[in-house]
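# Notes for the structure review
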Amino acid sequence: MYKRYPLQFLNYLIFMSLVGYFSTAPAYRHLPEGQAMVVLAFSHAGQHVEPCRIVSPEEQAKLPPNMRRPTECARARSPVKVELLMDGQSLLSTVAQPPGLFGDGGVDVFLDAIVPAGKHRFSIRMNDSVRVKGYNYTHEQTVQLEPAQLLFIDFNTEDGFVFK
Amino acid sequence: MQSAPIKRVYLTLENWFNYSFGSWNPLYHLGTLTFFFFWVVLVSGIYLFLFFHGSLDGAYASVERMTHEQWYAAGIMRSLHRYASDAAIGCILLHMFREFALDRHHGARWYSWFTGVPLLWMVVTLGITGYWLVWDMLAQYIAIGSAHLMDSLPIFFGSMTRNFLDGALSDRFFILIEFLHLLGQPMLLVFALWFHVRRLSNVNINPPRGLAIGSLLALLALSIVKPATSHAPADLTVVPEVLNLDWFYLNIYPLLDYWSAGQIWMLTIGITLLLMILPWLPPKKAGAAAVVDLDNCDGCKQCFEDCPFDAISVQARTDGAPHEHEVVVDPALCAVCGICVGSCHSSNPFRKAQKELRTGIDMPQLPVNKVRTMTDSALAALRGDVKILVYGCEHGFDVTRLNRNDTVGLTLFCSGMVPPSFIEYALRKGADGVMIAGCRHADCYFRFGNRWMEKRLKGERDPVLRTKVDRRRITVQGGAETDRNIIEQALNKFREELITIGETGDNAGRKVSKAEGGSHV
Ligand code: HEM
Ligand code: SF4
Ligand code: SF4
């Protein structure tokens, strides 16, 4: 067996240079310079397609105790239609259909966009009921976006749209 | 036989490493080198664990302390942990490339290839959870990216990405990742590694010491020159802008900026499936498995010891013969190498000189009887002062390219298929010298063929070549199909040596010492 140590050294040098280099390089730019990101993400169940029926006390009395409920609802839910405008221009929008065999599931909305940093006026509108024309939730807010800032817009039925 | 270009590329690389490393050639030890890097990862990982603070709030600071305050110990360990993991990926990719280029994944050998593919997933995901634990901007980037990938699968309810951004899930999830990285994934990997080499015999998991020391020193040097560091601490109100990605492990994430998560799953799963079915794609070579003939087997177990693919097992005698054992071949495991034919002392051409030669274990497509007939007619055709018979194999240099008046090459499945008694037979029947070719030294398409063959010639492994056979009339020179020069040089040198032996009259014509001659059984 012959060993050529200088050659071996060269081989180790090449291999470890490759390992060292590709362990951190080439650098990857995920977000262009001077940009920020807007994420509109929430979980929400659209309203029932048909209004819930109020179950009268007499009717309730006839039901077995574990089945008694004040209202009775058909399962199908409305799609959730939401749109985010930035400085008057539509930025993100979707119509999320309720999932599930009976169209009775809640929807997960996840939308994101890269926008220039700076001051922007955001307006959001959402409709979650086929029984309502137009939008039943709206929100407006002006935000000074720093470069690389992540603006997370959440929604819940109590507080409406929340900028985080 | 013209080989695939990919094989030629590989052989060129192998030449370079053979020249630099001799028998330490790392290409011959890629599997064991990977194991070695895993050991380095394990030891350094245990050290890091001692100082690591396993919570979302404490993780980053504890890693920073290790890297900067204790740079001389924990810092180096961190770098070793990272670079050994990266080097392991490098070796795994080369290992795959090699097995593919040398076509060591078809037929009965599908198993090692097939079980290797999931290993890739396991190692890569283990690296991903490792980067997660630092909880810096890079960790945040892969956490969000992974959540996107997970959300596109129809198995989770709710949006993981949203929950991360909301800060709701990350703390609990961090503990889960920690558990996976420290215990769950490594244990799964060890199990899968055991599975990967289960069908091979005599598996070695340690590289040659010189190669291990060299690799460790090289890793240490890299760790000192370029210590592993973190990005800025994770901050979910900020988007990571520029990332110094570890491309060995995190290469898939940037694609998320261009493709949907669903497309990325299709790509990765597609590649995985393609890799997994490769063993069944052409070129396919059908071969019939070895067959045992109990009438010629005394249950010595040598073939069982020698089979590189664990295809032979030993069981109690079933035919009433007065021997304790017999052997059985599992055709599904047999790689059709013929090494067992070379192992069997019944593969002896001096037996039953007139009738058909039969042995204990034989290859249906090239039985020993046919090998003897081929040898006989080759010897009869040889003309000239120095007659040389060359036994070669299908995977090394094609020895029929050496044919001329005084030289004939015969191709068997593997150089380990040549029973030593055939060498003696050829010398007695008129050859002046016998050359054994086959794969390059230190490497064998069938793992151990040339190694067993050389040990048999040296008298270190049964069946041995009898000591009375003149060793000067035998030479061994392996070579790949691109090694024509090496083989021809060795052959010319051998021819000259044989001429000298003939001229000096030293033992001239007596290729096998008289005193102990006679036929064998
Ligand atoms: C985690 C990484 C891996 C390790 C540590 C590893 C280790 C090994 C070892 C030690 C051997 C036995 C070599 C011998 O003794 O001849 C082997 C054989 C093999 N491996 Fe791997 N391996 C890994 C990943 C892979 C992958 C990803 C593939 C392919 C997809 C693969 C395909 C093979 C094949 C085809 C063989 C040869 C079997 C034969 O000679 O018939 N391995 N591996
Ligand atoms: S030919 Fe013989 S040695 Fe080779 S794999 Fe089959 S049984 Fe094992
Ligand atoms: S080497 Fe031959 S005799 Fe020995 S167990 Fe195998 S087949 Fe039988």
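Everything numeric here is computed off the predicted structure, so don't read it as measured data.

### Re the coordination of the iron atom of ligand 1
Octahedral metal centres with six donors ideally show angles of 90 or 180 degrees, and tetrahedral centres with four donors ideally show 109.5 degrees. Residues and elements named next belong to chain B. At this site the iron atom of ligand 1 is bound by His95 (NE2) and His196 (NE2), with donor distances of 2.0 Å. One can describe the site at the iron atom of ligand 1 as octahedral: its 6 donor atoms subtend angles covering 84 to 179 degrees at the metal. Pair noted here: His95 is in helix 4 (residues 71–101) and His196 is in helix 8 (residues 170–196), with a separation of 101 residues, a long-range link.

### Description of the interface of chain B and chain A
With 47 residues of chain B at the interface, the matching set in chain A holds 43 residues. Carbon and sulfur atoms make up 64% of the area that chain B and chain A hide from each other, which totals about 3,900 Å². Sorting the residues of chain B by area buried against chain A places Arg162, Val239 and Glu241 of chain B first, and these three jointly supply 17% of that buried surface. Between Asp166 of chain B and Lys164 of chain A there is a salt bridge whose closest N-O contact spans 2.7 Å.

### Quick notes on the domain arrangement of chain B
Residue and element names in this part refer to chain B. According to the domain assignment, chain B contains domain 1 (26–280) and domain 2 (291–516). Each of domain 1 and domain 2 has a C-alpha centre, and these two points are 46 Å apart. Summed over both partners, the interface of domain 1 with domain 2 buries about 1,300 Å², with 45% contributed by carbon and sulfur atoms. Looking at the side of domain 1 facing domain 2, the largest losses of area belong to Tyr28, Arg109 and Ser201, adding up to 41% of the total buried there. At the junction of domain 1 and domain 2, the tally comes to 2 salt bridges. Across the pair Asp443 and Arg104 runs a salt bridge whose closest N-O atoms are separated by 3.1 Å. Along the contact surface separating domain 1 from domain 2 lie 8 residue pairs in polar contact (both at pLDDT 80 or more). Broken down by class, the residue content of the side of domain 1 that touches domain 2 amounts to 5 nonpolar, 2 polar and 6 charged.

### A few points about the pattern of salt bridges
Residue and element names in this part refer to chain B. A complete count under the given rule lists 25 salt bridges over all chains for this structure. A salt bridge links Asp443 to Arg98; its shortest N-O distance comes to 2.8 Å. Of this pair, Asp443 sits in the loop between strand 8 (433–436) and helix 15 (449–458) while Arg98 sits in helix 4, and the two are 345 residues apart along the sequence. Comparing Asp443 with Arg98, the two get one shared label, buried. Three or more residues are tied together by salt bridges with common partners; here these are Glu14, Arg98, Arg104, Arg440, Asp443 and Asp483.

Rules used in this analysis
Residues numbered from 1 in each chain as written. Chains lettered and ligands numbered in written order. Predicted model: local features only at pLDDT ≥ 70, side-chain atom pairs only at ≥ 80, totals over all residues. Heavy atoms only, no water. Donors = N, O, S within 2.8 Å, 3.2 Å for Na, K, Ca; no water. Tetrahedral: all angles 85-135°; square planar, octahedral: opposite > 155°, others 65-115°. Helix = DSSP H or I, 4+ residues; strand = E, 2+ residues; numbered from the N terminus. Contact = heavy atoms within 4.5 Å. Buried area = accessible area lost by both parts, 1.4 Å probe. Salt bridge = Lys/Arg side-chain N within 4 Å of Asp/Glu carboxyl O. Domains from an automatic or database assignment. Polar contact = N/O pair within 3.5 Å; in protein donor to acceptor, adjacent residues only side chain to side chain. Nonpolar A, V, L, I, M, F, W, Y, C, P; charged D, E, K, R; others polar. Buried < 20%, exposed > 50% of the residue type's maximum accessible area, 1.4 Å probe, protein only.

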